[in-house]
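Listed below are the residues making up each chain.
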Amino acid sequence: MRKHRKGMALVLTITAILSLILTSCKRNEDSWKWRQEQEEERRRQEELAAQEEKKKRDEELDRLEAEANRKDEEPADYTYRPYVWPEEELADYNGRVETLMFHMVISYPELAFDGDDYQKSYDALTVTVSEFDKILQSLYDNDYILVNLNTVWTERNVGRNQRRMVKNTLRLPKGKKPLVLFIDDPCYYESYFGQGFMEKLVLDEEGQIAAYGHDPGGYEVISRDLDAIPILDGFVREHPDFSFNGAKACLSLTGYEGIFGYRTNSISTGMTEEQMAFRASEIEAVKPVVQRLIETGWYFGCHTWGHINLSNKKYDVEAVKRDMTRWQQDVGELVGNTIIYLYPNGSKPDGGDDWHKTGDVFKFLQSEGFRIFCSMGTESFATEKTDISAVICDRLHADGTTLRNSRDKYLHLFDAKEVFDYDVRPDYGYDFGDPAGE
Ligand SMILES: [Zn+2]
């Protein structure tokens with residue numbers, strides 16, 4: 001019996017222990033489940049937060065995209081805003097106004113100087129892009145500031161029925177010297193195609209003037225760094241104090257092959273319907289380019305329609321009248337009135353002395369509204385005529401000829417020795433006037 005009770009106690013004890021173990025297991029199991037649930041909840045929350053985050057990010061991206069699209073739709077603001085000096089920083093200026101002319105610049109010297117028949121003339125008449133860049137920098141460093149030629153003189157009454165051109169006292173930033181730049185023949189003549197020059201002016205995707213052409217590999221190029229006009233635009237953008245009242249340069253335009261690379265010229269022998277339609281489309285295409293040039297400080301001069309040599313006797317008054325009519329029709333209509341007349345090759349009419357004499361051709365051109373007559377010379381020279389309302393101007397000209405041979409005449413503007421493109425120009429020699437070779 002006692003043995004039996006002992007056995008009972010043992011069974012009970014074992015049962016109790018088992019029960020305890022089971023309960024503990026159950027509790028452990030519950031606790032594990034609870035933790036599992038907690039973990040799941042945490043993950044769910046994290047996932048929700050991540051989703052929320054992603055949604056926010058997507059919304060922000062959508063917003064930015066929408067904003068960008070809106071910006072695309074809005075016209076970009078490329079308004080030309082010239083630098084304005086406060087009045088107290090200006091001073092009277094009555095000295096010389098420098099006048100400096102360029103032709104179109106050589107974008108690809110390897111094409112211009114490839115040994116063909118034209119090489120010599122390109123060398124004589126033009127500068128390379130690299131030379132142009134250096135000259136602009138030097139002009140700026142020497143405290144020159146661009147002024148508009150039209151602001152240098154004013155036509156005034158000087159007596160009964162007498163009007164004359166009178167030089168203005170310029171108001172310029174203290175320490176600055178006035179400079180008028182010219183780019184002659186920016187017509188992008190077809191004869192220049194493939195010779196290392198750009199082929200037309202265009203508006204690039206930012207609405208800025210750029211030049212279009214082909215690189216030596218034959219690939220199309222649109223650039224602001226390969227042509228004088230956009231290069232000067234860029235230089236003034238970087239150095240706003242290089243331009244007074246936003247002045248850039250005078251563009252001297254002929255008409256026989258249109259302007260700025262657009263074939264807007266008429267054909268005197270009559271045009272087919274197809275030719276007329278083409279001309280009309282070229283005229284429409286050049287209008288925004290002309291508009292942008294005017295907005296950004298450029299102005300225009302008449303360089304005759306046919307780039308005629310006025311020293312040639314065959315260009316008498318009648319011939320010059322015919323040329324003038326065509327210029328008005330093909331160029332004047334597009335760029336507006338101008339009082340600037342630029343003799344092609346610097347050749348003067350009426351026997352060559354427009355300073356002391358006033359010949360018939362000169363009188364005719366003056367009667368057409370021209371007041372500033374520009375030639376070329378060895379210094380920036382200008383004089384007002386006394387017998388008629390007109391000014392005679394000689395311009396310096398930056399080109400291979402003067403770089404090689406006239407360093408001293410240009411030293412106040414730039415030093416040919418530092419500018420000269422030794423690596424690319426043909427070996428025609430130069431004389432920098434320093435026999436020491438220094
Ligand atoms: Zn010319």
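Because the structure is a prediction, the values reported are computed rather than measured.

A. View of the overall build of the chain. When helices and strands are tallied, the chain shows 11 helices and 16 strands. Each of the 438 residues in the chain was classed as buried or not, and the buried ones make up 34%. Partitioning the intrachain contacts of the chain with sequence separation of at least 6 by distance along the chain shows that 69% fall at a separation of at least 24.

B. Here's a closer look at helix α8 (residues 360–367). Among the residues of α8, Val361, Phe362 and Leu365 are the ones counted as buried. Down the axis of α8, the sector holding all buried residues measures 100 degrees, keeping them to one side. Against α7 (317–335) and β13 (340–342) lie the buried residues of α8. Positive phi shows up at Gly369, right after α8, with a value of about 110 degrees.

C. The environment of Leu170, seen in detail. Assignment of secondary structure puts Leu170 in strand β6 (residues 170–173). Sequence separation between Leu170 and Tyr93 is 77 residues, and the spatial gap between their C-alpha atoms is 5.0 Å. Ignoring anything within four residues of it in the chain, the contact list for Leu170 reads Tyr93, Val147 and Pro178.

D. Just the nonpolar core, in detail. In this structure, Phe102, Leu179, Ile340, Phe373 and Val391 are the most contacted members of the largest nonpolar core, which totals 97 residues. Every residue in contact with Val391, bar those within four places of it in the chain, is listed here: Trp153, Met165, Arg371, Ile372, Phe373, Ala382, Glu384 and Lys385.

E. Spatial organisation of the packing of α7 against α8. It is the contact of α7 with α8, at a shortest axis distance of 9 Å, that shows an interaxial angle of 30 degrees. The orientation of α7 relative to α8 falls into the category roughly parallel. Crossing of α7 against α8: the hand is right-handed. Across from Val317, Val320 and Lys321 in α7, the residues of α8 making contact are Asp360, Val361 and Phe364. Here the residues of the contact of α7 with α8 are counted per class, giving four nonpolar, no polar and two charged.

F. Summary view of helix α4 (residues 129–141). Its 13 residues give α4 an end-to-end C-alpha distance of 18 Å, which sits within 8% of 18 Å, the value for a rise of 1.5 Å per residue. In the core, the buried residues of α4 are packed alongside β2 (98–102), β3 (144–146), β7 (177–184), α5 (228–238) and α11 (416–419). Directly after α4, the chain includes Asp143, whose backbone phi takes a positive value near 70 degrees.

G. Molecular detail of the sheet that holds strand β8 (residues 200–203). Spatially, three strands are ordered β8-β9-β10 in an open sheet, and the strand pairing comes out antiparallel. Either end of the sheet is taken by a strand with one partner, and the two such strands are β8 and β10 (220–223). Each strand axis lies, on average, 35 degrees off the axis of its neighbour in the sheet, ignoring direction. With four bridges joining them, strand β9 (residues 209–214) and β10 adopt antiparallel strand pairing. Among the inter-strand pairings, Gly213 is bridged to a residue of β10, identified as Val221. Helix-sheet contacts for helix α6 (residues 273–295) involve β8 and β9, and the interaxial angle to β8 is about 80 degrees.

H. View of unusual backbone geometry. Despite not being glycine, Asp185 shows a phi value in the positive range, around 60 degrees. Checked against the element boundaries, Asp185 lands in the loop between β7 and β8. For Asp185, a count of 20 C-beta atoms within 10 Å corresponds to the buried category. Positive phi, normally seen in glycine, also occurs at Thr304, with a value near 70 degrees.

I. Quick look at the pairing of β8. Relative to β9, β8 runs antiparallel, the two being bridged by four bridges. Bridging across to β9, Val202 finds its partner in Ala210. Between β8 and β9, which pair antiparallel in sequence order, lie five residues; one of them, Gly207, sits at a positive phi of approximately 80 degrees.

J. View of the environment of Lys177. Of note, Lys177 is situated in strand β7. Using a count of 18 C-beta atoms within 10 Å as the deciding quantity, one classes Lys177 as partly exposed. Each residue touching Lys177, except ones within four places of it in the same chain, is listed here: Glu98, Asp143, Tyr144 and Ile145.

K. Seen up close, the environment of Phe132. Position of Phe132 among the secondary structure elements: in helix α4. Linking Phe132 and Phe102, residues 30 residues apart in sequence, is a C-alpha distance of 8.9 Å.

L. The arrangement of the pairing of strand β15 (residues 381–384) in detail. Here β15 runs beside strand β16 (residues 391–397); their pairing, made up of four bridges, is antiparallel. Considered in β16, the bridge of Ala382 is made with Cys393. Between β15 and β16, which pair antiparallel and follow one another directly, the connecting turn spans six residues.

Criteria and cut-off values
- Residues numbered from 1 in each chain as written.
- Predicted model: local features only at pLDDT ≥ 70, side-chain atom pairs only at ≥ 80, totals over all residues.
- Helix = DSSP H or I, 4+ residues; strand = E, 2+ residues; numbered from the N terminus.
- Buried ≥ 20, exposed ≤ 12 C-beta atoms within 10 Å, placed from the backbone.
- Contact = placed C-beta atoms within 7 Å.
- Arc of directions from axis to C-beta.
- Core = buried A, V, L, I, M, F, W, Y, C linked by C-beta atoms within 7 Å.
- Axes fitted to C-alpha atoms, helices over the stretch in contact; angles between N-to-C directions.
- Parallel < 35°, antiparallel > 145°, perpendicular 65-115°, else oblique.
- Left-handed = near helix turned anticlockwise from the far one by under 90°.
- Nonpolar A, V, L, I, M, F, W, Y, C, P; charged D, E, K, R; others polar.
- Expected span 1.5 Å × (residues − 1).
- Pairing = 2+ DSSP bridges.

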